[in-house]
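A closer look at the structure
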Amino acid sequence: MRAAVRSGLVAAATALVGAVAAAPPGDRAWTAAPTAGRPYAYLEGPAGSVLQDTLSVTNPGGRPLTVRLAGEGAPVAFAARTVTVPARTRADVPFAVTVTADTPPGDHRGTVRATAAGRELSVELLLRVSGPRLAALTIEDVHVDEAAGGLHYTLVNRGTTVLAPTLAVRAEGLLGTVLDRPERALPLTLRPGERVTRTEPWPDPPALDSVTVRLTAGAPGAAPAGARTEAAFAEGTALAGTAGLLLAVAGGGYAVWRRGRSRTQRAPEGATP
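Residues numbered from 1 in each chain as written. Predicted model: local features only at pLDDT ≥ 70, side-chain atom pairs only at ≥ 80, totals over all residues. Heavy atoms only, no water.

1. A look at the pattern of salt bridges
Applying the stated criterion across every chain yields a total of 15 salt bridges. E124 is the salt-bridge partner of R109, the closest N and O atoms lying 2.3 Å from each other. Within this pair, whereas R109 is found in strand 9 (residues 106-116), its partner E124 is found in strand 10 (residues 119-129), the two being separated by 15 residues in sequence. We classify R109 as partly exposed; its relative accessible area is 48%. (Salt bridge = Lys/Arg side-chain N within 4 Å of Asp/Glu carboxyl O. Helix = DSSP H or I, 4+ residues; strand = E, 2+ residues; numbered from the N terminus. Buried < 20%, exposed > 50% of the residue type's maximum accessible area, 1.4 Å probe, protein only.)

Following this line, the structure appears as C-alpha coordinates:
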(Lines give C-alpha, C1' and ligand atoms only; values in the text may rest on other atoms or scores of the structure.)
Protein backbone atom coordinates (compact mmCIF):
# COMPACT_ATOMS: atom_id res chain seq x y z
CA MET A 1 0.00 0.00 0.00
CA ARG A 2 2.82 2.41 0.92
CA ALA A 3 4.60 1.80 -2.40
CA ALA A 4 1.42 2.49 -4.34
CA VAL A 5 0.76 5.62 -2.34
CA ARG A 6 4.30 6.91 -2.88
CA SER A 7 4.12 6.18 -6.62
CA GLY A 8 0.84 8.07 -6.84
CA LEU A 9 2.26 11.01 -4.91
CA VAL A 10 5.36 11.19 -7.08
CA ALA A 11 3.26 11.14 -10.25
CA ALA A 12 0.97 13.82 -8.90
CA ALA A 13 3.92 15.94 -7.78
CA THR A 14 5.54 15.70 -11.19
CA ALA A 15 2.37 16.94 -12.86
CA LEU A 16 1.55 19.65 -10.33
CA VAL A 17 5.05 21.02 -9.77
CA GLY A 18 5.67 20.95 -13.50
CA ALA A 19 2.63 23.16 -13.99
CA VAL A 20 3.40 25.76 -11.34
CA ALA A 21 1.21 28.82 -11.42
CA ALA A 22 2.45 32.37 -11.35
CA ALA A 23 2.40 33.80 -7.86
CA PRO A 24 0.74 37.15 -7.35
CA PRO A 25 3.03 40.12 -6.63
CA GLY A 26 3.18 41.56 -3.15
CA ASP A 27 4.93 40.47 0.01
CA ARG A 28 8.25 38.88 -0.86
CA ALA A 29 8.18 36.44 2.08
CA TRP A 30 7.49 32.86 0.99
CA THR A 31 4.41 31.07 2.31
CA ALA A 32 3.20 27.51 2.83
CA ALA A 33 -0.46 26.60 3.31
CA PRO A 34 -3.05 24.03 2.23
CA THR A 35 -4.47 24.64 -1.21
CA ALA A 36 -7.41 27.03 -1.66
CA GLY A 37 -6.14 29.26 1.15
CA ARG A 38 -7.38 27.04 3.97
CA PRO A 39 -5.98 27.84 7.45
CA TYR A 40 -5.29 24.16 8.21
CA ALA A 41 -5.43 20.75 6.55
CA TYR A 42 -8.45 18.65 7.49
CA LEU A 43 -8.64 14.95 6.66
CA GLU A 44 -11.32 12.43 7.60
CA GLY A 45 -11.65 8.71 7.02
CA PRO A 46 -11.80 5.28 8.67
CA ALA A 47 -8.89 3.39 10.21
CA GLY A 48 -6.80 1.58 7.63
CA SER A 49 -7.23 4.24 4.95
CA VAL A 50 -4.82 6.61 3.18
CA LEU A 51 -5.95 10.25 3.12
CA GLN A 52 -4.46 12.81 0.73
CA ASP A 53 -4.15 16.58 0.55
CA THR A 54 -1.93 19.20 -1.08
CA LEU A 55 0.43 21.83 0.34
CA SER A 56 0.99 25.01 -1.69
CA VAL A 57 4.42 26.67 -1.37
CA THR A 58 4.56 30.18 -2.86
CA ASN A 59 7.83 31.91 -3.69
CA PRO A 60 7.23 35.59 -4.55
CA GLY A 61 10.95 36.36 -4.53
CA GLY A 62 13.33 36.81 -7.43
CA ARG A 63 15.42 33.67 -6.78
CA PRO A 64 14.60 29.93 -6.62
CA LEU A 65 13.67 28.73 -3.15
CA THR A 66 14.49 25.27 -1.78
CA VAL A 67 11.98 24.13 0.83
CA ARG A 68 12.30 21.09 3.13
CA LEU A 69 9.06 19.41 4.23
CA ALA A 70 8.43 17.23 7.29
CA GLY A 71 5.52 15.85 9.27
CA GLU A 72 5.14 15.70 13.04
CA GLY A 73 2.57 13.95 15.19
CA ALA A 74 1.09 12.01 12.25
CA PRO A 75 2.48 9.55 9.63
CA VAL A 76 2.82 12.04 6.76
CA ALA A 77 4.37 11.02 3.40
CA PHE A 78 5.28 13.70 0.86
CA ALA A 79 5.70 13.34 -2.88
CA ALA A 80 9.08 15.01 -2.29
CA ARG A 81 10.58 16.10 1.02
CA THR A 82 12.68 18.77 -0.69
CA VAL A 83 11.10 21.04 -3.31
CA THR A 84 12.79 23.83 -5.27
CA VAL A 85 10.27 26.51 -6.20
CA PRO A 86 11.25 28.87 -9.04
CA ALA A 87 11.04 32.63 -8.54
CA ARG A 88 7.56 34.16 -8.52
CA THR A 89 5.80 30.81 -8.73
CA ARG A 90 3.80 28.41 -6.60
CA ALA A 91 4.44 24.71 -6.26
CA ASP A 92 1.63 22.35 -5.13
CA VAL A 93 3.09 19.36 -3.29
CA PRO A 94 0.77 16.39 -2.60
CA PHE A 95 1.07 14.54 0.71
CA ALA A 96 -0.71 11.58 2.27
CA VAL A 97 -1.51 10.46 5.81
CA THR A 98 -1.73 6.73 6.45
CA VAL A 99 -4.30 5.90 9.13
CA THR A 100 -3.20 2.59 10.60
CA ALA A 101 -5.76 -0.10 11.34
CA ASP A 102 -5.27 0.26 15.11
CA THR A 103 -5.85 4.04 15.17
CA PRO A 104 -8.75 4.73 17.55
CA PRO A 105 -11.75 6.68 16.27
CA GLY A 106 -11.85 10.34 17.15
CA ASP A 107 -9.83 13.49 16.61
CA HIS A 108 -6.06 13.48 16.14
CA ARG A 109 -3.62 16.28 15.47
CA GLY A 110 -0.39 16.66 13.60
CA THR A 111 1.77 19.31 11.94
CA VAL A 112 3.27 19.81 8.50
CA ARG A 113 6.48 21.86 8.68
CA ALA A 114 8.12 23.75 5.82
CA THR A 115 11.65 25.14 6.26
CA ALA A 116 13.58 27.42 3.91
CA ALA A 117 16.00 30.37 4.06
CA GLY A 118 16.30 30.17 7.85
CA ARG A 119 12.53 30.33 8.36
CA GLU A 120 10.05 27.65 9.38
CA LEU A 121 6.29 27.62 8.83
CA SER A 122 3.88 25.20 10.50
CA VAL A 123 0.58 24.03 9.05
CA GLU A 124 -1.84 22.39 11.47
CA LEU A 125 -3.12 18.97 10.44
CA LEU A 126 -6.51 17.88 11.83
CA LEU A 127 -7.36 14.22 11.36
CA ARG A 128 -10.72 12.72 12.23
CA VAL A 129 -10.91 8.93 12.22
CA SER A 130 -14.49 7.80 11.79
CA GLY A 131 -16.05 5.30 14.17
CA PRO A 132 -17.99 5.28 17.44
CA ARG A 133 -17.18 8.27 19.66
CA LEU A 134 -16.48 7.50 23.30
CA ALA A 135 -15.47 9.92 26.05
CA ALA A 136 -13.74 8.06 28.88
CA LEU A 137 -11.29 9.33 31.50
CA THR A 138 -9.48 7.65 34.40
CA ILE A 139 -7.33 9.02 37.22
CA GLU A 140 -4.51 6.76 38.40
CA ASP A 141 -1.33 6.56 40.51
CA VAL A 142 -2.55 9.00 43.17
CA HIS A 143 -0.18 9.57 46.07
CA VAL A 144 0.71 12.32 48.53
CA ASP A 145 4.17 13.76 49.01
CA GLU A 146 4.00 14.56 52.71
CA ALA A 147 7.45 16.17 52.80
CA ALA A 148 7.06 18.52 49.82
CA GLY A 149 3.33 19.07 50.17
CA GLY A 150 1.84 17.92 46.87
CA LEU A 151 -0.68 15.51 45.36
CA HIS A 152 0.63 13.49 42.40
CA TYR A 153 -1.74 11.82 39.95
CA THR A 154 -2.02 10.65 36.33
CA LEU A 155 -4.90 11.37 33.94
CA VAL A 156 -5.51 8.87 31.13
CA ASN A 157 -7.79 9.35 28.12
CA ARG A 158 -9.36 5.90 27.63
CA GLY A 159 -11.82 7.06 24.97
CA THR A 160 -11.76 8.05 21.31
CA THR A 161 -12.25 11.83 21.57
CA VAL A 162 -10.11 14.74 22.72
CA LEU A 163 -10.91 15.59 26.36
CA ALA A 164 -10.69 18.82 28.35
CA PRO A 165 -10.46 17.50 31.94
CA THR A 166 -11.53 19.06 35.22
CA LEU A 167 -10.40 18.24 38.76
CA ALA A 168 -11.86 18.47 42.28
CA VAL A 169 -9.90 17.64 45.45
CA ARG A 170 -11.11 16.90 48.97
CA ALA A 171 -9.18 15.65 52.02
CA GLU A 172 -10.69 14.52 55.32
CA GLY A 173 -8.68 14.29 58.55
CA LEU A 174 -9.49 12.91 61.96
CA LEU A 175 -11.16 16.17 63.00
CA GLY A 176 -12.84 17.09 59.72
CA THR A 177 -12.09 18.55 56.29
CA VAL A 178 -8.53 19.81 55.80
CA LEU A 179 -8.67 20.50 52.04
CA ASP A 180 -11.62 21.30 49.78
CA ARG A 181 -11.03 22.51 46.20
CA PRO A 182 -14.14 22.58 44.00
CA GLU A 183 -14.15 21.35 40.41
CA ARG A 184 -12.13 23.51 38.02
CA ALA A 185 -10.85 23.19 34.45
CA LEU A 186 -7.24 22.06 34.02
CA PRO A 187 -5.00 23.88 31.50
CA LEU A 188 -4.58 20.93 29.13
CA THR A 189 -6.29 18.64 26.63
CA LEU A 190 -5.84 14.88 26.30
CA ARG A 191 -5.77 13.08 22.97
CA PRO A 192 -7.12 9.52 22.75
CA GLY A 193 -4.72 7.20 24.55
CA GLU A 194 -2.69 10.06 26.02
CA ARG A 195 -1.67 10.05 29.69
CA VAL A 196 -0.37 13.04 31.64
CA THR A 197 1.14 13.07 35.14
CA ARG A 198 0.46 16.20 37.16
CA THR A 199 1.06 17.61 40.63
CA GLU A 200 -1.58 19.45 42.64
CA PRO A 201 0.16 21.80 45.12
CA TRP A 202 -0.72 21.54 48.80
CA PRO A 203 1.38 24.21 50.53
CA ASP A 204 -0.32 24.03 53.96
CA PRO A 205 -0.98 20.36 54.82
CA PRO A 206 -1.78 19.47 58.44
CA ALA A 207 1.16 19.09 60.80
CA LEU A 208 -0.21 16.04 62.58
CA ASP A 209 -3.11 14.08 61.12
CA SER A 210 -4.21 10.96 59.28
CA VAL A 211 -5.87 12.04 56.05
CA THR A 212 -7.97 10.45 53.30
CA VAL A 213 -7.56 12.30 49.99
CA ARG A 214 -10.15 11.98 47.20
CA LEU A 215 -9.60 13.26 43.66
CA THR A 216 -12.44 13.48 41.14
CA ALA A 217 -11.70 14.09 37.45
CA GLY A 218 -14.28 14.86 34.79
CA ALA A 219 -14.65 15.86 31.14
CA PRO A 220 -17.62 16.76 28.91
CA GLY A 221 -19.46 13.58 27.93
CA ALA A 222 -17.38 11.35 30.22
CA ALA A 223 -18.43 9.76 33.49
CA PRO A 224 -16.65 11.18 36.57
CA ALA A 225 -13.46 9.33 37.48
CA GLY A 226 -12.47 9.08 41.14
CA ALA A 227 -9.43 7.91 43.08
CA ARG A 228 -8.37 8.03 46.72
CA THR A 229 -5.27 7.61 48.81
CA GLU A 230 -4.23 7.79 52.47
CA ALA A 231 -1.55 9.95 54.04
CA ALA A 232 -0.14 10.41 57.53
CA PHE A 233 1.35 13.77 58.47
CA ALA A 234 3.70 14.02 61.46
CA GLU A 235 6.03 17.01 61.63
CA GLY A 236 8.84 16.95 64.21
CA THR A 237 7.65 20.05 66.07
CA ALA A 238 4.10 18.71 66.23
CA LEU A 239 5.35 15.35 67.51
CA ALA A 240 7.48 17.06 70.14
CA GLY A 241 4.55 19.17 71.30
CA THR A 242 2.22 16.18 71.43
CA ALA A 243 4.78 14.10 73.29
CA GLY A 244 5.28 16.91 75.81
CA LEU A 245 1.54 17.17 76.34
CA LEU A 246 1.22 13.44 76.88
CA LEU A 247 4.12 13.47 79.36
CA ALA A 248 2.56 16.38 81.21
CA VAL A 249 -0.78 14.58 81.46
CA ALA A 250 0.91 11.37 82.52
CA GLY A 251 3.02 13.22 85.11
CA GLY A 252 -0.02 14.95 86.55
CA GLY A 253 -1.87 11.67 86.84
CA TYR A 254 1.09 10.05 88.53
CA ALA A 255 1.33 12.92 91.04
CA VAL A 256 -2.36 12.58 91.93
CA TRP A 257 -1.91 8.86 92.41
CA ARG A 258 1.10 9.38 94.69
CA ARG A 259 -0.75 11.92 96.85
CA GLY A 260 -3.68 9.55 97.22
CA ARG A 261 -1.38 6.68 98.14
CA SER A 262 0.47 8.81 100.72
CA ARG A 263 -2.78 9.80 102.42
CA THR A 264 -3.80 6.16 102.62
CA GLN A 265 -0.50 5.14 104.19
CA ARG A 266 -0.67 7.95 106.82
CA ALA A 267 -4.22 7.15 108.00
CA PRO A 268 -4.64 7.75 111.82
CA GLU A 269 -4.32 4.83 114.22
CA GLY A 270 -7.59 3.26 115.19
CA ALA A 271 -9.29 4.29 112.01
CA THR A 272 -11.91 1.89 110.87
CA PRO A 273 -10.62 -0.08 107.85
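2. Comments concerning the confidence of the model for the protein
Of all residues in the protein, 76% attain a pLDDT of 70 or more, and the chain-wide mean is 82. Per-residue pLDDT stays below 50 along residues 10-27; that stretch engages in 20 contacts with residues further than four places along the chain or on separate chains. When the criterion is pLDDT under 50, residues 237-251 qualifies, and its contacts beyond four places in sequence or with other chains add up to five contacts. (pLDDT = per-residue confidence, 0-100. Contact = heavy atoms within 4.5 Å.)

3. Some points on the pairing of strand 4 (residues 50-59)
Looking down a regular strand, the side chains alternate between one sheet face and the other. In terms of burial, strand 4 is largely enclosed, as eight of its ten residues are buried. Pairing analysis gives four bridges linking strand 2 (residues 31-34) to strand 4, with the strands arranged antiparallel. Looking across to strand 4, one finds that A32 is bridged to V57. Where strand 4 lies against strand 8 (residues 89-98), ten bridges are found, and the strand directions are antiparallel. Across the sheet, the residue bridging to T54 is P94, located in strand 8. (Pairing = 2+ DSSP bridges.)

4. Observations concerning the sheet that holds strand 5 (residues 65-72)
Spatial strand order, 3-10-9-5-7: five strands in an open sheet with mixed pairing. Strand pairing shows two members of the sheet lacking a second neighbour, strand 3 (41-45) and strand 7 (82-85), which therefore form its edges. Taken pair by pair, the neighbouring strands of this sheet meet at an average axis angle of 25°, ignoring direction. One ladder, built from four bridges, connects strand 5 with strand 7; its direction is antiparallel. Its bridge partner being in strand 7, L65 is matched across the sheet by V85. (Axes fitted to C-alpha atoms, helices over the stretch in contact; angles between N-to-C directions.)

5. Focus on the pairing of strand 16 (residues 208-219)
The pairing of strand 13 (residues 166-173) with strand 16 spans seven bridges and is classified as antiparallel. The residue of strand 16 that forms the bridge with E172 is T212.

6. Here we look at the sheet that holds strand 13
Reading across from one edge, 14-13-16-17 is the order of the four strands in this open sheet, with antiparallel pairing throughout. Because the sheet does not close on itself, it has two edges, and the strands there are strand 14 (176-185) and strand 17 (222-234). Across the sheet, the axes of successive neighbouring strands diverge by a mean angle of 15°, strand direction being ignored.

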